[in-house]
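Take a look at the letters that make up each chain.
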Amino acid sequence: MATKSKLIGGAFLLKDTDVADVFIPEEFTDEQRLISETVKDFMIKEVWGLGIARVAGLDAEKDKDLVMDIFKKASALGFCGVSVDEKYGGGGLDFNTSLLFTENLALGFSFATTIGCQTSIGSLPIVWYGTEEQKAKYLPGIASGEKGCSYCLTEPDSGSDANSAKSRAVLNKEGTHYVLNGQKMWITNGGFAEVFTVFAKIENDEKLSAFIVEKSFGGIQTGKEEKKMGIKASSTVPVYFTNCMIPKENLLGERGKGFNMALNILNSGRIKIAAGGVGGMKYGLEKTIEYTTNRIQFEKPISDFGAMKQKLGTIAANLFAIESGVYRVGANVDRKHDELLKAGSSPNDAKINSMREYAIECAILKVQGSEAMCNTGDEAIQMFGGMGYSMETGVEMAYRDARITKIYEGTNEINRMLSLGEFYKRAFVTKEINIKDAAKSVPSAIAQNYNPFGGGYLSTEFEFVNNLKSLFMIITGAAGNKLKEKLVDEQEIVMNLADILAMAFISESAFLRVKKLGQTQGVDKATLDIKTKLAQLYLYDALDVARKAANNAIDSYAKGAEKWILKRLVGKMLRTYNINPKDVRREVADYMIKKKGYHFN
Ligand SMILES: Cc1cc2nc3c(=O)[nH]c(=O)nc-3n(C[C@H](O)[C@H](O)[C@H](O)COP(=O)(O)OP(=O)(O)OC[C@H]3O[C@@H](n4cnc5c(N)ncnc54)[C@H](O)[C@@H]3O)c2cc1C
C-alpha cells in the first residue's frame, strides 16, 4: 500500500512540522558553499570591480558591450546552465542549490536580473515542458550562454491579467508553421535574446499556448531599451511579432495549456525573488555596518546609537526568518521531486509538480522577501544619511533595484491573493485542508488558559506560531462562511488574511530552524542564542502585523456577537509576547556589528 506523502504544500497550517523534516541553511554542504562563494567572488570582481559609481550609472543600451562581456565571463563559469540538466550541457543543480546560487547573484545588482532571467523564466519553460528534441536543440546553447533567452508573457494591455493577451498564432495553409502576430512588453533580456518563449493564443482559443521562437525565424523586432527606475543595466524591451513563422514543432507543451505553464514557471521565479532578497539584505547589512561604524557624529560612531541599532536589528531579524523559509521550501521542492520520480512521474512532470505543490509558500515568500528587501534598501539610505542619497555609495542603486521585486513575477497584491486563492482551492475544492474543524474550534480556543511564561524551551514561541495558524483558519473560515464567494471581491480582507498566513509560515520557519539547531551536536551556544533572538524579534514584529491584519479583517466584515467573540480571540491568541524588543534588537545589532555583518561562527 502506498504511504501518504508528508510533502504537501500548505500542510504547515494543519500540523506541527517535525524538525527532522526541515532543512536549515546551516546544513548546506561544502560543495554548495563553494558554488555560493564562486558566484559571490565573481560579482565582487567583475561587477564591483568596475567601481560602484560606474555600476550605478550603467545603462543597458549604452553599456551593452560591457554587460555582454560580463555575461560571457559568467557563462564561461557555467552560470547560465545551472537549471539545465547535465545531459544538455548544464550544471543540473538541484532546486535548493539553485536558490543559493540566486541568493549570491543578488550581489551583481542589475546583472543578477540578466543571469536570473537566463537561468529561470527564460530557460525553465523548455527545461520543464520541452520534448527531448526541443531540449537537445535549444538547451545546450542556453546553458553555454551562447544564446540569450527570454520569457514573453506581458503585453501593453495584459499585465496581471495575463490570459487576456492579444498575441495570436494561426496555423498556415500548409499546416507547417504558426504565423504569430502581436506585441510583448517589458521583456527582460529581450535586447540580446536569440530564443524567446512566447505566450499567445492559437486562432480563436480562449487560453494561451506557448511557443519557442528563434530570433532567426524573422518577423521579430525589438524596441528601444526602456528607461527605468532601477536595474538599469538589465535589458528590458518591447518585442514585436509580425507574421513571424514558427515551425509547428516549436509549440511548447500542449495547446491551450500556456497560461498554466506561465504560472508554474512563475512559482519558481517567486521564491527566487525571495532568495535574491536574502542576498540583498546580507549585502545591505554589511554595507550599513561598515558605514555606520566609521561615520562619527556627536563624537561617536553612529552605530552606537539605539536608533541605528533598531534598524540593524530589524533587518537582521527579517533576513534570518526569510532565509529560514526560503531554504525550508527549496529542500521540500527537491524532496517532492525525488518522491514523484520514484512514484513513476516523468522527469518533466516531477519538476513541474514539485514546484506546483508549494505555490502557497512561494507566493508568501515572494511578497515577504521583496518587502523586507525594499525596507532594507530604504533603511540603508536612512543610515547613510546624505551619502545614501548620493550615487557614489551604491546604496541608492540598491534601493532602486530592489523596488521592481514587488512588481514583477506577479505584483505583491496578486501574490497575496494567490496565496489565499490556492489555500481556498485546497480547503474547499480538493479538501486537502480541513478548515471546517478549525472554524468549529473557536469556543475551545477562547476557553483555553494561556501561560505567558511558557512550559519549556521555545514552547511560548511555538504556541504563538500555532495561534497564528489557528487564528488564520478561524477568521478565514468564518469570513468564508459569511461572505461565501463574495470574499474574493473583498480584497482588503483577502490582503489581511494573506498577511496572517505569511506571518504564521515565516515565524514557524525561523523557530523550526532554531529548534533544530538546538538539537544539533556541537552548535556554538553564543551563535544559537543570537539566532534564537533573531527569531524572537521576527515573531514580536510578526504578531503586530497579524494583530493589525486580524482586527482589520474582523472589523471589515463581522458584526454583533461574532465580532465580539473574534476580537476577544485575537486579544487572547495574540496577546503580548513577553520580550524586551529594545534590548533584544540592541543585542542582535551589537553581534552583527562585531561580526561586520550577517556572519556566524
Ligand atoms: C523591469 C521589468 C521587467 C519585466 N520583465 C518581464 C519579462 O521578462 N517577461 C514578462 O512577461 N513580463 C515582464 N515584466 C512585466 C511584469 O511582470 C508586469 O509589469 C507585472 O506583471 C504587472 O503588470 P502591469 O505592469 O501590467 O501592471 P497592472 O497589471 O496594470 O497592475 C497595476 C496595479 O494594479 C494592481 N492590480 C492589477 N490587477 C488587479 C486585481 N485583479 N486586483 C487587485 N489589484 C490589481 C496591481 O497589483 C498593481 O498594483 C517586467 C516588468 C518590469 C517593470
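Attention now goes to the overall build of the protein. Helix and strand content of the protein: 21 helices and 10 strands. The globule rule puts the C-alpha radius of gyration for 601 residues at 25 Å, and the 24 Å found for the protein is close to it. If you line up the protein on its principal axes, its C-alpha atoms span 75 × 60 × 45 Å. Split into buried and exposed, the 601 residues of the protein put 57% on the buried side. Pairs at least 24 residues apart make up 79% of the contacts formed inside the protein by residues separated by at least 6 positions. Element-wise, carbon and sulfur atoms account for 52% of the exposed surface of the protein, whose accessible area totals about 25100 Å².

With that out of the way, let us pick up the site of the ligand. Around the ligand there are 20 residues in total, and T154, S160, W186, T411 and E413 lie nearest to it. In the environment of the ligand, an oxygen atom lies 2.7 Å from a nitrogen or oxygen atom belonging to the side chain of T411. Within the side chain of Q491, one N or O atom sits 3.0 Å away from a nitrogen atom of the ligand. Starting from 980 Å² of accessible surface for the ligand in isolation, the protein chains cover 68%. When contributions to the shell around the ligand are tallied by element, the ones reaching two or more residues are β3 (177-188) and α14 (412-429). Here the residues of the shell around the ligand are counted per class, giving 11 nonpolar, 7 polar and 2 charged.

For the rest of this paragraph, the subject is the pattern of salt bridges. Scanning the model with the defined rule gives 42 salt bridges in all. Here K184 and E155 are joined by a salt bridge, their closest N and O atoms 2.9 Å apart. In this pair, K184 sits in strand β3 while E155 sits in the loop between β1 (148-152) and β2 (168-171), placing the two residues 29 residues apart along the sequence. Taken as a pair, K184 and E155 share a single burial class, namely buried. A salt bridge links E587 to K533, with the shortest nitrogen-to-oxygen separation between them at 3.0 Å.

Attention now goes to the packing of helix α11 (residues 359-384) against α14. Across the interface, α11 lies against α14 with an axial gap of 8 Å and an inter-helix angle of 155°. In terms of orientation, α11 lies roughly antiparallel with respect to α14. In this structure, α11 meets α14 at a crossing whose hand is left-handed. Judged by residue contacts, A359, I360, A363, I364, K366, V367, Q368, S370 and E371 of α11 engage N412, N415, R416, L418, S419, E422, F423 and R426 from α14. Grouping the amino acids of the contact of α11 with α14 by side-chain chemistry returns 7 nonpolar, 5 polar and 5 charged.

Okay, the packing of aromatic side chains next. Taken as a whole and assessed by the stated rule, the structure comprises 19 aromatic pairs. Centre to centre, the rings of F109 and Y283 are 5.4 Å apart; their planes meet at 85°, and the pair counts as edge-to-face. Here Y283 lies in helix α8 (residues 258-294) and F109 lies in the loop between α4 (95-105) and α5 (110-119), a separation of 174 residues in the sequence. For the pair formed by F109 and Y283, the shared burial category is buried. With 6.1 Å between their ring centres and 65° between their planes, F462 and F511 make a pair best called edge-to-face. One end of the pair, F462, is in helix α17 (residues 459-483); the other, F511, is in helix α18 (residues 491-518), with 49 residues separating them in the sequence. Taken as a pair, F462 and F511 share a single burial class, namely buried. In this structure an aromatic cluster arises from ring pairing among F23, F28 and Y327. A cation over an aromatic ring shows up here: K515 above the ring of F462, its NZ or CZ 5.1 Å from the ring centre. The ring of F600 has K531 sitting right over it, with the charged end atom 4.5 Å from the ring centre.

A separate point is α8. Residues spaced three or four apart along an α-helix point in a common direction, a consequence of the helix completing one turn every 3.6 residues. Compared with the 54 Å implied by 1.5 Å per residue over 37 residues, the 53 Å span of α8 between its first and last C-alpha is a close match. Of all 37 residues in α8, 28 are buried, a share of seventy percent or more.

Before going further, it helps to examine the confidence of the model for the protein. Summarising the model, the protein shows a mean pLDDT of 94, and 96% of its residues fall at 70 or more. Contacts from residues 449-453, a stretch scored under 50 in pLDDT, to residues over four places away or in other chains number 12 contacts.

Within the secondary structure layout, A350 lies in helix α10 (residues 347-357). With a relative accessible area of 0%, A350 lands in the buried category. Once residues lying within four places of it in the same chain are set aside, the contact partners of A350 are H337, L340, L341 and S345.

A separate point is the pairing of β1. With 5 of 5 residues buried, β1 is to be regarded as a mostly interior element. Judged by which residues are buried, β1 turns out to be covered on both faces: G148, S150 and C152 on one side and C149 and Y151 on the other are all buried.

Right, let's talk about helix α3 (residues 64-76) for a bit. Its 13 residues give α3 an end-to-end C-alpha distance of 18 Å, which sits within 8% of 18 Å, the value for a rise of 1.5 Å per residue. Of the positions making up α3, those classed as buried are V67, M68, I70, F71, A74 and S75. Across the axial projection of α3, the buried residues extend over an arc of 160°, all falling on one side. Exposed side chains of α3 directed beyond 90 degrees from the buried face belong to D65, K72 and A76. Looking at the buried side of α3, the elements it contacts are α1 (30-47), α5 and α7 (132-144). Remark: G78 follows α3 within two positions and exhibits a positive phi of approximately 90°.

On the secondary structure map, S419 appears in helix α14. By relative accessible area, S419 is classed as buried at 2%. Residue contacts for S419: discarding those within four places in its chain leaves I360, A363, I364, A498 and L501.

This paragraph deals with the side chain of R426. Secondary-structure assignment places R426 in helix α14. With a relative accessible area of 6%, R426 lands in the buried category. Polar side-chain contacts of R426 include one of 2.8 Å to the backbone oxygen of G9. Leaving out residues up to four positions away in the same chain, R426 has contacts with G9, G10, R356, E357, I360, K431, E432 and I433.

Even without being glycine, N189 reaches a positive phi, approximately 70°. Within the secondary structure, N189 sits in the loop between β3 and β4 (193-202). Although it is not a glycine, K484 sits at a positive phi angle of roughly 50°. Mapped onto the secondary structure, K484 falls in the loop between α17 and α18.

What counts, and where the lines are drawn
Residues numbered from 1 in each chain as written. Predicted model: local features only at pLDDT ≥ 70, side-chain atom pairs only at ≥ 80, totals over all residues. Heavy atoms only, no water. Helix = DSSP H or I, 4+ residues; strand = E, 2+ residues; numbered from the N terminus. Rg over C-alpha atoms; globule rule 2.2 N^0.38 Å. Buried < 20%, exposed > 50% of the residue type's maximum accessible area, 1.4 Å probe, protein only. Contact = heavy atoms within 4.5 Å. Areas by Shrake-Rupley, 256 points an atom, 1.4 Å probe, with all protein chains shown as cover. Near = heavy atom within 4 Å. Polar contact = N/O pair within 3.5 Å; in protein donor to acceptor, adjacent residues only side chain to side chain. Nonpolar A, V, L, I, M, F, W, Y, C, P; charged D, E, K, R; others polar. Salt bridge = Lys/Arg side-chain N within 4 Å of Asp/Glu carboxyl O. Axes fitted to C-alpha atoms, helices over the stretch in contact; angles between N-to-C directions. Parallel < 35°, antiparallel > 145°, perpendicular 65-115°, else oblique. Left-handed = near helix turned anticlockwise from the far one by under 90°. Phe/Tyr/Trp six-rings, centres within 6.5 Å; stacked < 30°, edge-to-face > 60°. Lys NZ or Arg CZ within 6 Å of the ring centre and 35° of its normal. Expected span 1.5 Å × (residues − 1). pLDDT = per-residue confidence, 0-100. Arc of directions from axis to C-beta.

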